[in-house]
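# Structure assessment
As a plain string of letters, each chain reads:
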Amino acid sequence: MQSPKRKIASSQWILAAAIGTVLVLVLSFGLDQWRHYRVEMAQAERATRGAAVILAEHTALTFDAVGDAVRAVRQLRLDALATGEPPAASHELLKALDDGSPVFRALAWIDKDGNRLASSLHADPPPINIAGLDHFATLRDREPDRETLYVAAPKRSKLLDQWIWMLPASLPVTGPDGAFAGIAGGIIDPGYLSRVYASIDLGSSAVVTLFRRDGMILAREPFDSDLLGETLAGRPFITDIVVQAPVGTFHDVGPDDGAERVIGYAVSPGDGFIVSVALRHDEVLAQFYAGLWEGMARLALIVLVLAVGTWFLVRQVGRREALALELQDSEVRFRDFAAASADWFWETDEEHRLKWISDTLGMKSGLSQQARVGRTIWEIVDPDSVSQAAAEDHRRALLEHLPFQGFCYARRTAQGRRWMMASGMPMFDRQGRFRGYRGSSSDITEQRRAETRLHEAIEAFPGDFMLFDPQGRLVFHNRHAERNMQAIGQPPQRGDTMEAILRRHVAAGALPDAARDPEGWIAWRLRQHRAPASRILVRFNRGVAEVIERRTEDGGAMVLRFDVTEQEAAREALQAAREAADAANRAKSDFLASMSHELRTPLNAIIGFGQLLQMNKPGTLTPSQLEHCDIIVRSGGHLLNLVDDVLDLSGIEAGGLALSLGPADVGALLAVAVATIAPAADDAGIAIDPVPALDVGEVLADRQRLLQILINLLSNAIKYNRPGGSVRLFAAMTDRGSVRIEVTDTGIGIQPADVDRLFVPFQRLGAEFSKIPGTGIGLALCKRLVEMMDGRIGVESRPDSGSTFWVELPLAGVQDRPAAVAVGRRGGSRTAAGHFSLLYVEDNPINRGLVGHILETLPQVTVHNADHGADGLDLARTLQPDIIVLDLNLPDMNGFEVLRQLQADRATAALPVIALTASAMPDDVRRGLRAGFSDYLTKPLDVGGFLAAIDAALAKRPGPQAAK
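Quick look at the structure, then. (Residues numbered from 1 in each chain as written. Predicted model: local features only at pLDDT ≥ 70, side-chain atom pairs only at ≥ 80, totals over all residues. Heavy atoms only, no water.)

It is worth spelling out empty space enclosed by the protein at this point. Any empty space left between the atoms is revealed when a probe the size of a water molecule rolls over them. If you walk through the whole model with that rule in mind, you get two cavities of 30 Å³ or more. Lining the largest cavity are 18 residues, and of these Trp 346, Thr 348, Leu 354, Ile 377 and Phe 404 sit closest to its centre. Contributions of two or more residues to the lining of the largest cavity are made by strand E12 (343-348), strand E13 (354-357), helix H9 (388-399), strand E14 (404-413) and strand E16 (434-443). For the lining of the largest cavity, the residue count by class is twelve nonpolar, five polar and one charged. (1 Å grid on protein atoms, 1.4 Å probe; cavity = no way out; pocket = protein on both sides within 12 Å on 5 of 7 lines; lining within 4 Å. Points joined across faces, edges and corners; volume = space filled by probe spheres on them. Helix = DSSP H or I, 4+ residues; strand = E, 2+ residues; numbered from the N terminus. Nonpolar A, V, L, I, M, F, W, Y, C, P; charged D, E, K, R; others polar.)

What follows concerns the sheet that holds strand E30 (residues 861-866). With parallel pairing, the five strands of this open sheet are ordered in space as E30-E29-E31-E32-E33. The open sheet is flanked by E30 and strand E33 (935-938), the only strands paired with a single partner. Averaged over all pairs of adjacent strands, the angle between their axes in this sheet comes to 20 degrees, without regard to strand direction. Two strands pair when backbone bridges link them, and strand E32 (residues 913-917) and E33 are joined in this way by four bridges, in the parallel orientation. Bridge assignment links Thr 917 to a residue of E33, and that residue is Thr 938. (Pairing = 2+ DSSP bridges. Axes fitted to C-alpha atoms, helices over the stretch in contact; angles between N-to-C directions.)

Helix H2 (residues 91-99) packs onto helix H1 (residues 10-83) with a crossing angle of 170 degrees between their chain directions and a minimal axis gap of 11 Å. With respect to each other, H1 and H2 are oriented roughly antiparallel. Counted together, Ala 72, Val 73 and Leu 76 of H1 and Leu 93, Leu 94 and Leu 97 of H2 form the full contact between these two elements. Partitioned by chemical class, the residues of the contact of H1 with H2 number six nonpolar, no polar and no charged. (Parallel < 35°, antiparallel > 145°, perpendicular 65-115°, else oblique. Contact = heavy atoms within 4.5 Å.)

On to the sheet that holds E13. The sheet built from five strands is open, its strands ordered E13-E12-E16-E15-E14 with antiparallel pairing. Edge positions in the open sheet fall to E13 and E14, since each of these has one partner strand only. Strand-to-strand, the axes of this sheet are offset by a mean angle of 30 degrees, without reference to chain direction. Sheet topology places E12 next to E16; five bridges connect them, and they run antiparallel. Within E16, the residue paired with Glu 347 across the bridge is Arg 438. Strands E14 and E16 of the sheet are contacted by H9, whose axis makes an angle of about 120 degrees with E14.

The nonpolar side chains of a soluble globular protein tend to be buried with one another. In terms of nonpolar packing, the biggest core is built from 39 residues, with Val 666, Val 699, Leu 706, Ile 709, Leu 714 and Leu 809 touching the most fellow members. Counting residues in each nonpolar core, the second largest holds 38 residues, with Val 66, Val 73, Leu 76 and Ile 188 among its members. (Core = buried A, V, L, I, M, F, W, Y, C linked by side-chain atoms within 4.5 Å. Buried < 20%, exposed > 50% of the residue type's maximum accessible area, 1.4 Å probe, protein only.)

What follows is about the pattern of salt bridges. Evaluated as defined, the whole model comprises 31 salt bridges. For Glu 808, the salt bridge goes to Arg 736, with nearest N and O atoms at 2.5 Å. A residue pair is termed long-range when its members are at least 10 positions apart, and Glu 808 in strand E28 (residues 803-810) and Arg 736 in the loop between strand E25 (726-733) and strand E26 (738-745) qualify at 72 residues. Close ionic contact of Glu 897 with Arg 900 constitutes a salt bridge, the shortest N to O distance being 2.7 Å. With Glu 897 and Arg 900 both in helix H22 (residues 895-904), this residue pair falls three residues apart, about one helical turn. (Salt bridge = Lys/Arg side-chain N within 4 Å of Asp/Glu carboxyl O.)

On to the packing of aromatic side chains. Tallied over the full model, the rule gives 13 aromatic pairs. Arranged with centres 6.0 Å apart and planes meeting at 65 degrees, the rings of Phe 428 and Phe 434 form a pair that is edge-to-face. When its relative accessible area of 12% is taken as the criterion, Phe 434 is described as buried. Three or more aromatic residues joined by ring pairs make a cluster, and in this case those are Trp 34, Tyr 37, Phe 288 and Tyr 289. Across the ring face of Trp 378, the terminal group of Arg 395 is positioned such that the distance to the ring centre comes to 4.0 Å. Above the plane of the ring of Trp 419 lies Arg 448, whose end atom (NZ or CZ) is 3.9 Å from the centre. (Phe/Tyr/Trp six-rings, centres within 6.5 Å; stacked < 30°, edge-to-face > 60°. Lys NZ or Arg CZ within 6 Å of the ring centre and 35° of its normal.)

See below:
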């Protein structure tokens, strides 16, 4: 339906008329002021133009007189040239001409070379040469016009012992032969022109300026020495004056203060000088602005009076219109609400019979209005739908003429039973007599059906459900909650508070957690209940319940309770199993650490003394004995590798091995691995093919562990190869964003049935019965390490045709690239040079003997021994050795405590300390380096590594030894 057009209110017409009147007044005032402005500007233009004409004519007369005087001076010079009279004799004549004119400061002759010959100021003028001045060169080169007076740029010069501004005016002098013989001229006083221009009263801001046609300023009033001689040739008005008109005006911005001006100009007749007269706008328009402010004040007063009158009129008219509109809107609002609401409206008479029902009854409920008019509520209500208590309450309200709300009842219709809800207010006339009820009703059939479905769903809920109102009282609970609480002792009642329910449970002994401190437990439970949301476990005698509580929108609370006895039992069993597994892992780690320590201690002596014998410096061992030493060292190394592999594999399984991932150069690592394994390949007679040039970039890996993997694969390729066989290395990028590294041998190959067992720890596939050394751990360790670096490892093999082991690792991104670290090259070995002292703190005499024998091979090395930490501290303070080697497991204190006391003592704080211990677990190494050891060496002792560590420590030791 199209909405009706809105009628324009009377107050709006009044307001529009007032605004129109104000606009007319303002427009009229603006036009009148614009006319006054134009008149004032026209008068200013006429005044400046007229003044410029008068001053231009006076300037022309002045320069005519100057020209006559200069011509007389030139004639005197010509006469002197004709008679040969010396220039000094003409001083009196020049002086006479000068004294007769107020314009000049001096008259003079200048010869053809620019030298002053005679002057009106001096009988014998001092020598002055003006050949370098512009006006002299201009007159000398002036052709063919030699009769026009030339006025040069103003200059500041010293005259009669004082600095003055002068304006040279000159004519060229031609000798009898017609050649240039110099100039005759005078010096005009610019102040004279300024005084002439100041004689005309044009106002305090007036500026009079004299120009040449080329725009150069010759004189100015007010006098401004900074502007004299400046040129305005670039200003457009100079061109306009010369080309267009000899008299005129224009508007411009003054060069001195940036103010707008009206400028009148005139060109003097004859010589063509320009005189301009400039007046500031603010002075010209002073009277205009005064009238403008006065007129604006009057206009503002008129507008104010008009606005006040309009406001008062609009206010009165608007009040009347607002009242009429409010009444109209109220009626429309009531009709709209009645049509849009879910209710219908009704009225009854004094006997409670319906006498009027709104049309919305039929639209909302499908019931007939006419079927209800004339009937009472009890003739419509289905008696079975209203309880006896509710019916009695409603009858009592009607008899006592009281308001009622929310009276619910049902009515049977052809479509079935429909539920209604009614509310009403009693009506009384002015005498207070009861006239019936007026109220509204609505159809709540769908609401009742939804409530029924909700109630059924709550009853089917597999847990306790309770609802509390904003005052904390129980308003609803399902039968499940009633049965559970009945088993405890007393079922919940409507109106119960949570505190009352909890206290009944505590009194019945149903809550074992509350037995020790009942009041404290109840206070804690009530805090959880009042929280916006909570989720807790509550233990009952019969099991464990999970209680979930949420606040409702009206401030009440909803409580859900589930039996989680079985889940809690399973969780506790899982936790116990996890703790048992953790304990087993800890016991395993402790056992491995202990075994590592116990194995490394004897291996230290075996490998150390074996390496010492291999040195054979005195040459006392036979070849057979040297071979036996090699067997001892290799066997000890094999046992040490076995210990390391077992520790690494156990560390991975226990989750205690950490990797340091970063970009790793595949080509560089392959080169290092080949260089490391080359001696073993030579001994076995296996050829390693040259590594081809690789362009595969970097992979994301732990460099040390990847090198360990490559060495392990190369070692297997050599051990399980054929005599005279070969090993080939290859690497390439894949289409999966990874790098594939392959190690191919020409060995015996692997049976297909054995491939699945290849990466299982301690599985050697029958090689344990051969002479080939090994433990069966290497490939299993490689597989775990590769997987920890998000890579893959596998093998391709055929019996008697060799095998290819491959590793795939992801490419390193740019963000994975670490900062470059500069690695310095070690200089000459300080260890080989000897001449140092060493304190070895060790309680094992075999280990002390091994270190002593190693250092005996060096020149002039003094070794001091201590078997207790306290003795070592005393010797360190007394002897001040160059380096200290310290075991961590001492009889009286551990090595960390010895290091701490050494660092705390100023006398020993700077001594380098090397740890030499059988505690080789990764955590032990990291702890030692963090504590401040200069190096951390593990047993069995590697002689080369030991000497290198001493060399590095000596390099850091301050004093004479470090300088060697």
